[in-house]
Amino acid sequence: MSVRLVPIFLLFLLTTRASHPVSAQQGTFTSSVRAHITDDLSHEGVPSVRVTITGTNIVQPTVVTTDGQGNLNITGLSGGRYALAIDKPGYFPQTFSDIVVGGPEASNFPL
């Protein structure tokens, strides 16, 4: 029996000035996606879940895995639209599309 992963995403669009601004008047900004992925039945964090992020400003998909408690943090995202694909053997895969980083449509809510 496969169990569903319950991603508890807290999409923090933490806007921080990068260390090398483009000019004195214009800086570059980056954001983060933080998540805690839990098992649907036990409600405990799931380690080693593979999360793939793709988007408008990513040339190659970025793959990260959750830590031993089911946490992950994806940093250095510039403004744009992104999608997350979550998978681990024994669980149903899930995808979240159209996550907006930066601008007036930015996402800042649990998914």
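Going by the structure above, here's the rest.
In short, a report on the structure. (Residues numbered from 1 in each chain as written. Predicted model: local features only at pLDDT ≥ 70, side-chain atom pairs only at ≥ 80, totals over all residues. Heavy atoms only, no water.)

Looking now at the overall build of the chain. Each helix and strand counted, the chain has zero helices and nine strands in total. Listing each helix as α and each strand as β along the chain from the N terminus yields β-β-β-β-β-β-β-β-β. Taken across its 111 residues, the chain has 32% of its residues classed as buried. Long-range pairs, those at least 24 residues apart, make up 54% of the contacts in the chain with a sequence separation of at least 6. Summed over all atoms, the accessible surface of the chain reaches about 6,700 Å², with 55% contributed by carbon and sulfur. (Helix = DSSP H or I, 4+ residues; strand = E, 2+ residues; numbered from the N terminus. Buried < 20%, exposed > 50% of the residue type's maximum accessible area, 1.4 Å probe, protein only. Contact = heavy atoms within 4.5 Å. Areas by Shrake-Rupley, 256 points an atom, 1.4 Å probe, with all protein chains shown as cover.)

Positive phi values are uncommon outside glycine, yet His 43 reaches one of about 65°. Position of His 43 among the secondary structure elements: in the loop between strand S3 (29–39) and strand S4 (50–55). Look at His 43 and you get exposed, because its relative accessible area is 60%. A positive phi is found at Ser 48, a non-glycine position, where the angle reads about 60°. Looking at the element boundaries, Ser 48 is found in the loop between S3 and S4.

Right, let's talk about the pattern of salt bridges for a bit. Applying the stated criterion across every chain, the model contains two salt bridges. When the shortest N-O distance is used, the salt bridge between Arg 50 and Asp 87 registers 3.2 Å. Of the two residues, Arg 50 sits in strand S4 while Asp 87 sits in strand S7 (residues 80–87), which places them 37 residues apart along the sequence. In this structure Arg 50 comes out as partly exposed when scored by relative accessible area, which is 41%. With a closest N to O distance of 2.6 Å, Asp 98 and Arg 81 form a salt bridge. Of this pair, Asp 98 sits in strand S9 (residues 94–101) while Arg 81 sits in strand S7; the two residues are 17 residues apart in sequence, bridging distant segments of the chain. Among the residues examined, Asp 98 registers a relative accessible area of 48% and is labelled partly exposed. (Salt bridge = Lys/Arg side-chain N within 4 Å of Asp/Glu carboxyl O.)

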